[in-house]
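# Close look at the chain arrangement
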Amino acid sequence: MRTAPTSSDAAGDRRACQVLDAADPLGCFRDRFDLPPGLVYLDGNSLGALPRATAARLADVVEREWGRDLITSWNRHGWIDLPTRVGDKIARLIGAAPGEVVIADSTSVNLFKLLDAALALAPERPIVLSDTGNFPTDLYIAQGVVGARGDGRALKLVDETALIEAIDAATAVVMATQVNYRSGRLHDLAAVTAAAHRAGALMLWDLSHSVGALPIDLDGVDADLAVGCGYKYLNGGPGAPAFLFVAQRHQERIRPRLSGWMGHAAPFAFDLDYRPAAGIARNLCGTPSVLGLAALEVGVDLMLEADLAQVRAKSMALGERFVALVEARCPGTFALASPRDPSARGSQLCLRHPEGYAIVQALIAHGVIADFRAPDILRFGFAPLYVRHVDVWDAVDRLVEVMRTRAWDAPEFQTRATVT
Ligand SMILES: Cc1ncc(COP(=O)(O)O)c(C=O)c1O
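Everything in this summary refers to the structure shown in the same document.

Definitions and limits used
- Residues numbered from 1 in each chain as written.
- Predicted model: local features only at pLDDT ≥ 70, side-chain atom pairs only at ≥ 80, totals over all residues.
- Heavy atoms only, no water.
- Axes fitted to C-alpha atoms, helices over the stretch in contact; angles between N-to-C directions.
- Helix = DSSP H or I, 4+ residues; strand = E, 2+ residues; numbered from the N terminus.
- Parallel < 35°, antiparallel > 145°, perpendicular 65-115°, else oblique.
- Left-handed = near helix turned anticlockwise from the far one by under 90°.
- Contact = heavy atoms within 4.5 Å.
- Nonpolar A, V, L, I, M, F, W, Y, C, P; charged D, E, K, R; others polar.
- Salt bridge = Lys/Arg side-chain N within 4 Å of Asp/Glu carboxyl O.
- Buried < 20%, exposed > 50% of the residue type's maximum accessible area, 1.4 Å probe, protein only.
- Near = heavy atom within 4 Å.
- Polar contact = N/O pair within 3.5 Å; in protein donor to acceptor, adjacent residues only side chain to side chain.
- Expected span 1.5 Å × (residues − 1).
- Pairing = 2+ DSSP bridges.

In this section: the packing of helix α4 (residues 82-93) against helix α9 (residues 290-305). In contact at an axis separation of 10 Å, α4 and α9 are set at 25° when each is read in the N-to-C sense. On the basis of the axis angle, α4 is roughly parallel to α9. Helix-helix and strand crossings are classified by hand; for α4 and α9 the assignment is left-handed. Mapping the contact onto sequence places Leu82, Pro83, Arg85, Val86, Lys89, Ile90, Arg92 and Leu93 in α4 and Val290, Leu293, Leu296, Glu297, Val300, Asp301, Met303 and Leu304 in α9. Partitioning the contact of α4 with α9 into residue classes produces 11 nonpolar, no polar and 5 charged.

Here it is, written out as structure tokens:
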């Protein structure tokens, strides 16, 4: 068993972190975010931090565009083009071509739209295949889609490690989330997509925990369909609108079930009958959320300034440092719930402890924000644009303190809040 380092080793570690931060090619990004001083924020995998430019941009949209120019802003300030404009920007982060991504609705709603459309493209195949590591909303939506279709389709769930082997001639759609929200385990985007295609199935990816955290090459792996969140690593703000991707080759074959006027070929012709717009725009439904899109665009623009290979390298280094420090300084206290190999996980690290909820609450009280996922997972996200090596050191230092003093064992940390 390893022994805890002496305090001078630990102090040396912290200085080493500061040296690494000083040489970090992404170091300049931290100041572009408005983070409270002294706080260590390790929850950007759930809600990204606030870019400094967002408040001014939103004030401008509210006061000038909405306040003064009112409805003329749909044309004058290009509000109507926001879903495709920001979509084209996100396309650059996920290896998609211009015109393959649009911003609309929430991730859940986009999943509904694309899964339903995918099933319509494969009428002879009964199965939607997913895994038990998928995010619950994805599974609930799939249950809703097969129920609403009422055409004998069923959702089949397998363990995430058995997903590829479970794909067969009955599979209409494979639906998976690239990074497991609980463990951070990474599916192999290319291998799962290729396996789906070999069996003649379509592949629908949820990129919520991967967009902005690692390089993604949707067109390179020949992906069919994808969705993802705007409020995690893209820093688009709470409830930011989501994105959806449809490969060029499928776009004209999709007949949207949510056939709203914004996806009509000529919304302002006010025809009585629905005719889908050409291309990706048919996947829009109702009026876009302009304030949400304006905030999201700021976050996406910032992300586009970063080199995603550097983002990935730093994310892996932060995670490795976190594991090494936890194992050295809290030996035997936590079980690792994430893959040990950094290339096999996304940008988060998860630990298991029966008192996980209370420990996370105590950590928050000690100035480290992480989160908890039932039944026993402490989740730490490393958003490489603003998390520094020294933050990882400080987070573990405070974790050591919380465990040493049993600070978590206080009544105020035991009662579960609605959001964990
Ligand atoms: C993988 C994944 N998909 C979807 C969602 C949420 O979707 P929505 O924005 O519709 O609530 C989350 C939320 O954390 C998620 O982790």
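From this point, things continue past the structure.
Taken as a whole and assessed by the stated rule, the structure comprises 31 salt bridges. The partner of Asp69 in a salt bridge is Arg76, and the shortest N-O contact between them spans 3.3 Å. Given a relative accessible area of 17%, Asp69 falls into the buried group. Exposure remark for Arg76: the relative accessible area of 55% places this residue in the exposed category. One salt bridge connects Lys113 with Asp105, and the closest N-O pair in it is separated by 2.6 Å. Its relative accessible area of 33% is what places Asp105 among the partly exposed residues. Where salt bridges share partners, they join Asp116, Arg149, Asp151, Arg153 and Arg257 into one cluster.

In the vicinity of the ligand there are 13 residues, among which Ser108, Asp206, His209, Tyr231 and Lys232 approach most closely. Take Ser108: an N or O atom from its side chain is 2.6 Å from an oxygen atom of the ligand. Taking Tyr231, its side chain carries an N or O atom lying 2.7 Å from an oxygen atom of the ligand. Split into classes, the residues belonging to the shell around the ligand amount to 3 nonpolar, 7 polar and 3 charged.

It is worth spelling out helix α5 (residues 107-121) at this point. Taking 1.5 Å per residue as the helical rise, α5 with its 15 residues ought to reach 21 Å, and the 21 Å between its terminal C-alpha atoms agrees with that figure. Along α5, the positions that sit buried rather than exposed are Thr107, Asn110, Leu111, Lys113, Leu114, Leu115, Asp116, Ala117, Ala118 and Leu119.

Read from one edge to the other, the open sheet built from 4 strands follows the order β9-β10-β13-β12, with strand pairing classed as antiparallel. Each having just a single partner strand, β9 (335-336) and β12 (371-373) make up the two edges of the open sheet. Pairing of β9 with strand β10 (residues 348-352), which is carried by 2 bridges, proceeds in the antiparallel orientation. Along β10, the bridge assignment pairs Leu336 with Leu351.

Where α5 meets helix α6 (residues 136-149), the axes come as close as 9 Å, and the angle between the chain directions of the two elements is 45°. Viewed along their axes, α5 and α6 adopt a mutual orientation that is oblique. The hand of the α5/α6 crossing is right-handed. Between α5, through Ser108, Leu111, Phe112, Leu115, Asp116, Leu119 and Ala120, and α6, the contact on the second element is made entirely by Thr137, Asp138, Ile141, Ala142, Gly144, Val145, Val146 and Arg149.

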